[in-house]
Amino acid sequence: MAAQLDGLDLARVAGENSMLEGHLGGLLDPVSIGGERMTATGELTGDLFGGRLDIRNMTAERPFSAGREIGADVNVRLIDLERLSAALGVGRITGRLSGSMEGLRVAYGQPVAFHLKMESVPTKGVSQSVSLKAVNSISLVGTGSALSGMGLSLMTRFFKEFPYKKIGFECGLNNDVFTVRGLIHEDGVEYLVRRRFFTGIDVVNGNPDNRIGFSDMVERARRVTGERSN
């Protein structure tokens, strides 16, 4: 069989209180369905937070059971970070972000595996800045602790937002183990956020080999967004 999608509203598909903002469409042909596995050839494309969204290599293991596992590879290009950060409630970040999520697998509405890689993309006419709240959010999710120190306290008396040179990170989930790595390496230091010249704030991944349970990462995210655990 084949499937045609046109103008699918991601927010409505994701359900009530969804943070998603965008649309999706395209042709999947052929779609092969068996008792244990479904595969779809083709690509769905659309927009996500003002950028481009592409989804391919879609599969479903045990498609007719409640424990079905849905898989796909996702690519995004030039997402508007200001719109994304506002939806997440993590503080204000401006700029554009591109990257990929390979090997995404979702079961019971929760991801069980993926490899995510994202990097900021300098774009003409678009500023690259990050608020203190956003810096703390990135640090908390990436390293488990917020920024602190006398120097930080002094800077925040005069600045509410800071310019950045680059944001780059990759994270993975496999067998309920979550890892985070910075993609910016300078002088033996691994960064998640690199400041511009002598101004701004760096976010350093001080423990690159850190591994935590996925539930612990979700709890970090809840602390950032203020969402309560069930």
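Here, every reference points to the structure presented above.
Residues numbered from 1 in each chain as written. Predicted model: local features only at pLDDT ≥ 70, side-chain atom pairs only at ≥ 80, totals over all residues. Heavy atoms only, no water.

## Some remarks on the overall build of the protein
Helix and strand counts for the protein come out as five helices and 14 strands. The C-alpha radius of gyration computed for the protein amounts to 19 Å, which stays within 12% of the reference 17 Å derived for 230 residues, consistent with globular compactness. When burial is assessed residue by residue, the protein has 37% of its 230 residues classed as buried. In the protein, 52% of the contacts between residues at least 6 apart in sequence involve partners at least 24 apart. When the accessible area of the protein is evaluated, it comes to approximately 13100 Å², of which 53% is carbon and sulfur surface. With 27 positive and 27 negative side-chain charges, the protein shows a spacing of 6 Å between the two charge centroids. (Helix = DSSP H or I, 4+ residues; strand = E, 2+ residues; numbered from the N terminus. Rg over C-alpha atoms; globule rule 2.2 N^0.38 Å. Buried < 20%, exposed > 50% of the residue type's maximum accessible area, 1.4 Å probe, protein only. Contact = heavy atoms within 4.5 Å. Areas by Shrake-Rupley, 256 points an atom, 1.4 Å probe, with all protein chains shown as cover. Lys, Arg positive; Asp, Glu negative; His and termini not counted. Charge placed at Lys NZ, Arg CZ, Asp CG, Glu CD.)

## Examining unusual backbone geometry
The amide bond that connects D29 to the next residue, P30, takes the cis arrangement and shows omega of 5°. Mapping P30 onto the fold places it in strand β2 (residues 22-33). Of note in the backbone geometry, D176 takes a positive phi value of approximately 65° without being a glycine. In this structure, D176 sits in the loop between β9 (161-174) and β10 (177-182). Overall, D176 belongs to the partly exposed group, its relative accessible area being 45%.

## Notes on the side chain of S131
Relative to the elements of secondary structure, S131 occurs in strand β8 (residues 129-131). With sequence-adjacent residues up to four places away left out, S131 is seen in contact with G91, R92, K160 and E161.

## Notes on the nonpolar core
Residues L53, I55, F114 and F178 are the most contacted members of the largest nonpolar core, which totals 41 residues. No other element matches the five residues that β9 contributes to this core. Discounting chain neighbours no more than four positions away, the residues touching L53 are L10, L24, L44, T45, G46, D47, L48, V74, N75 and V76. (Core = buried A, V, L, I, M, F, W, Y, C linked by side-chain atoms within 4.5 Å.)

## A few points about a nonpolar patch on the surface
A contiguous nonpolar patch, built from M1, I33 and F64 and spanning about 390 Å² of accessible area, is present on the exposed surface. We classify F64 as exposed; its relative accessible area is 64%. (Patch = residues over 30% accessible without salt bridge, like charges linked within 9 Å, V, L, I, M, F, W, Y side chains within 5 Å. Salt bridge = Lys/Arg side-chain N within 4 Å of Asp/Glu carboxyl O.)

## Considerations on the environment of V193
With respect to the secondary-structure elements, V193 resides in strand β12 (residues 189-195). We classify V193 as buried; its relative accessible area is 2%. Between the C-alpha atoms of V193 and V203, which are 10 residues apart in sequence, the distance is 4.9 Å. If we skip the residues at most four places from it in the chain, V193 touches I138, Y164, K166, I167, I184, I201, D202 and V203.

## Some remarks on the pattern of salt bridges
Scanning all chains against the criterion turns up 13 salt bridges. The partner of D54 in a salt bridge is R52, with the nearest N and O atoms 3.1 Å apart. What makes R52 partly exposed here is its relative accessible area of 36%. In this structure, R92 and E161 form a salt bridge, with 2.8 Å as the shortest nitrogen-oxygen distance. On the criterion of sequence distance, the pair formed by R92 in the loop between α2 (81-88) and β6 (96-107) and E161 in strand β9 is long-range, its members being 69 residues apart. When salt bridges that share partners are traced, they join E186, R194, R195 and D202 into one network.

## With respect to the packing of aromatic side chains
Following the criterion strictly, the structure yields two aromatic pairs and no others. Centre to centre, the rings of F114 and F178 are 6.4 Å apart; their planes meet at 65°, and the pair counts as edge-to-face. Of this pair, F114 sits in strand β7 (residues 110-120) while F178 sits in strand β10, and the two are 64 residues apart along the sequence. For F178, a relative accessible area of 4% gives the class buried. Measuring from ring centre to ring centre gives 6.4 Å for F178 and F214, while their planes differ by 55°; the resulting arrangement is tilted. Within this pair, whereas F178 is found in strand β10, its partner F214 is found in helix α5 (residues 214-225), the two being separated by 36 residues in sequence. Counting every residue linked through ring pairs, the aromatic cluster contains F114, F178 and F214. Residue placement shows R194 over the ring face of Y191; its charged tip is 4.5 Å from the ring centre. (Phe/Tyr/Trp six-rings, centres within 6.5 Å; stacked < 30°, edge-to-face > 60°. Lys NZ or Arg CZ within 6 Å of the ring centre and 35° of its normal.)

## Digging into α5
Taking 1.5 Å of rise per residue, 12 residues should cover 16 Å, and α5 covers 17 Å from first to last C-alpha, within 8% of that figure. Those residues of α5 that sit buried are F214, M217, R220 and V224. Taken around the axis of α5, the buried residues stretch over an arc of 110°, which confines them to a single face. Facing away from the buried surface of α5 by more than 90 degrees, the exposed residues are S215 and R223. Buried residues along α5 sit against β7, α3 (132-143), β9, β10 and β14 (211-213). (Expected span 1.5 Å × (residues − 1). Arc of directions from axis to C-beta.)

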